[in-house]
Amino acid sequence: MATPAAPLKCPPPMKATSNGVFQGDDPLDYALPLAIVQICLVLVLTRVLAYLLRPLRQPRVVAEIIGGILLGPSALGRNEKYLHTIFPPKSLTVLDTLANFGLLFFLFLVGLELDPKSLRRTGKKALCIAVAGISLPFVLGIGTSFALRATISKGVNQGPFLVFMGVALSITAFPVLARILAELKLLTTDVGRMAMSAAAVNDVAAWILLALAIALSGTTSSPLISLWVLLCGAGFVILCIFIGPPIFKWMARRCSDGEHVDEIYVCATLAAVLAAGFVTDTIGIHALFGAFVLGVLVPKEGPFAGALVEKVEDLVSGLFLPLYFVSSGLKTNVATIQGAQSWGLLVLVIFTSCFGKIVGTIVVSLLCKMPMQEALTLGFLMNTKGLVELIVLNIGKDRGVLNDQTFAIMVLMALFTTFITTPIVISIYKPAKLAVTEYKHRTIERKDTSKQVRMLTCFYSTRNIPTLINLIEVSRGTEKREGLRVYAMHLMELSERSSAILMVHKVKRNGLPFWNKGEVTDSNQVVVAFETFEHLSKVSIRPTTAISPMNSMHEDIITSAERKRVAMIILPFHKHQRLDGHFETTRTDLRHVNRRVLQHAPCSVGILVDRGLGGASHVSASNVDFTITILFFGGHDDREALAYGVRMAEHPGVTLIVVRFVVDPEVAGGSVKIDMNQNSSLEAQPDEVLLSGLKQRISKDGSIKYEERTIKDAAETFEAIKTYNRCNLFLVGRMPEGQVVAALNKKSECPELGPIGNLLISSEFSTTASVLVVQQYRSQLSQDSLSSLEEGESSEGNESN
């Protein structure tokens, strides 16, 4: 056995690239092709695991830790041939270098997520909880270290081991916690805000303690050297604090909103991150510290931080970071945990870690007069471990402070504590839904038209903003009314990207959704656009951002509409118009959001098909010259569209054309007459009342025109509608009623738009007018309306299959 061991001790250096299999080379004997195979294997395994764990609502870090362990000697690595082929010892230097390179930039992103200003504003309550969440586990960690040193960690240096164990047990993973809170929609709750504030303080304290642990764990036993390392580290941080912010602020000032961030600034910052990593590594702490410190110092407002994230994140967190988990997994051998003693120590470590974090947090929370349920939830949230925990353990392993068995125990502890967080929080904390006050005005159509109208307008990208602002402009009514209040909600997907929480900084709070209160100083161009419009018009606009996964985004829209007591939700259509006039799907999941809102909305809903109402910019009140056409067939939805159109007609720059379609009496057969008689008491009367009121108004208001078109069949209806294509906006009901529509109502591609809406966006219909398809609120939607949406869902599912 001595002969094969020799090359392992001193493996020959690997060449970068091979000459190819035809030249007789094995690509897996060369650094680059082997690294490619390793990366691909890691990515496939971790993504599959993340998909499998999604129903359990687990953060991706759990899948990546498990993936790393499975690829290592604990599972697949038990096969020696696999281990020496895919992860031979000579390739580990390259793998570790790539992993640490990715980690360096990831820690820079973690620093970007931490806002020093919010740390300074941390309340006494959050500070006390953070201190308790660090001190008790730290003390218990030191206690546990004595038990470990007496059994499986004999002979290790006592000082560094005590500190490493204390730090490992007292950490709360800020980035992982932020993602869990966002996915559970707890970011805006009191518990969520408290957890984020306490975790941010905890994170900074953990890094300081880790710096201390690393300084103590140097190869030399001289305490003077450790002190020198600490002093140099402190000097580096102070130097960065004085030099970094002025330079970064100067760069940020030169990057204006809406413009491309100059590449030279991004390159300079990334080079500075590498340089800072080199300096801290030279000092003897770790290259990660330099990157983290620079990340904290970069200003969070403006497009500069966003540009850095965009350039760095996908490559780092998607490609390089999973390698770090594999690097950890290759060092983790669960098989080393053998016998009752080892498993007993694992239970002891898990117990002390959970007990210290959870009990310490609960006790202080209760002393701060928090309810028991919230205190318990906060305890489990603060117990979240993750990547930072692995970094501590890996540094301890590399420095020889943690042996194989201790390392494996600590990795399993980190995995267990993170895994249990989401299921336990879901089971114990069900925040009481805010009591939704019953409100009268759930529709635009109402008896008292002088009351204020509230609307919730939603958009996904800045592309929709000019049309939305122009729509709000013509919806504001007259000065005699109480006016219009608009809640403009920017819908942002909570993606798999690790620093999706950076989006939260844009709305000043970690939250979903957060309503900006008072004056907003954010330079976000969306907020600026709406604020500018608010100053120019007499409309009250409250911009907000909702951050959630696509599959639950409709819940946020519906909840916000209820809480703000709005009369109508305006949603963007899931397709956008190309230059050739045809529509193409932006994203399929947007259509699911629209359909679910239509099914469950607490008020009326409008779907806006944007063809550029008023062009690509805001049209000032004095320059508005719009023609709005209402195609009226009858029924609830058409009446809502008409009520909204009449409100728009109050704007001095709007001409409203109401076209009522009537069936030719010669065509109306006996069966149709019976149908009409059945519905007459329900539908015909309200339609006639609304139209008679409109006719009285026309005599006083010259901006409204009313026409009646008698038609015989669907073809004639289509031809009649074509004659009105020269307008700026069509207002139509989603499910109009009557014989004419029954003839039109064939299976359509987009049932959420209804038969007339589909007609207006079809390639056969030539127009540049935007379309607003309106559904009126009813406590129970009609069977036709619901079945059309459900059929649309099922047909789309079949197509995708």
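Residues numbered from 1 in each chain as written. Predicted model: local features only at pLDDT ≥ 70, side-chain atom pairs only at ≥ 80, totals over all residues. Heavy atoms only, no water.

The protein chain is annotated in an unreviewed UniProt entry as Cation/H(+) antiporter 18-like of Nicotiana sylvestris. Per UniProt, the protein chain carries the Subcellular location (unreviewed entry) text "Membrane". Per UniProt, the comment on the protein chain under Sequence similarities (unreviewed entry) is "Belongs to the monovalent cation:proton antiporter 2 (CPA2) transporter (TC 2.A.37) family. CHX (TC 2.A.37.4) subfamily." (UniProt positions renumbered as here; feature names shortened; annotations may be inferred.)

Tallied over the entire structure, the rule returns seven salt bridges. Salt-bridge contacts for Arg60 lead to Glu64; the nearest nitrogen and oxygen are separated by 3.5 Å. Of this pair, Arg60 and Glu64 both sit in helix α3 (residues 60–71), four residues apart, which is roughly one turn of that helix. For Glu708, the salt bridge goes to Arg660, with nearest N and O atoms at 3.9 Å. Of this pair, Glu708 sits in strand β11 (residues 704–711) while Arg660 sits in strand β10 (residues 654–663), and the two are 48 residues apart along the sequence. Three or more residues are tied together by salt bridges with common partners; here these are Arg591, Arg595 and Glu752. (Salt bridge = Lys/Arg side-chain N within 4 Å of Asp/Glu carboxyl O. Helix = DSSP H or I, 4+ residues; strand = E, 2+ residues; numbered from the N terminus.)

Core analysis: the largest hydrophobic core is formed by 143 residues, its most contacted members being Phe87, Leu210, Phe304 and Ile391. Residue contributions to this core peak at 15 residues, all from helix α10 (residues 190–216). Ignoring anything within four residues of it in the chain, the contact list for Leu210 reads Phe164, Val167, Phe289, Val392 and Ile395. (Core = buried A, V, L, I, M, F, W, Y, C linked by side-chain atoms within 4.5 Å. Buried < 20%, exposed > 50% of the residue type's maximum accessible area, 1.4 Å probe, protein only. Contact = heavy atoms within 4.5 Å.)

Turning to the packing of aromatic side chains, a few remarks are in order. Taken as a whole and assessed by the stated rule, the structure comprises eight aromatic pairs. Between Phe351 and Phe355 the ring centres are 5.5 Å apart and the planes differ by 25°, which places this aromatic pair in the stacked class. Taken together, the positions of Phe351 and Phe355, both in helix α15 (residues 339–367) and four residues apart, correspond to about one turn of that helix. Residue classification places Phe355 among the partly exposed residues on the basis of a relative accessible area of 36%. Both rings, one in Phe633 and one in Phe661, keep their centres 4.7 Å apart while their planes meet at 10°; by these two values the pair is stacked. On the criterion of sequence distance, the pair formed by Phe633 in the loop between β9 (626–632) and α24 (636–648) and Phe661 in strand β10 is long-range, its members being 28 residues apart. Taking the relative accessible area as the measure of exposure, Phe633 reaches 9% and is therefore buried. On the basis of relative accessibility, which here comes to 4%, the residue Phe661 falls in the buried class. A connected cluster of aromatic rings, assembled from ring pairs, spans Phe101, Phe105 and Phe320. (Phe/Tyr/Trp six-rings, centres within 6.5 Å; stacked < 30°, edge-to-face > 60°.)

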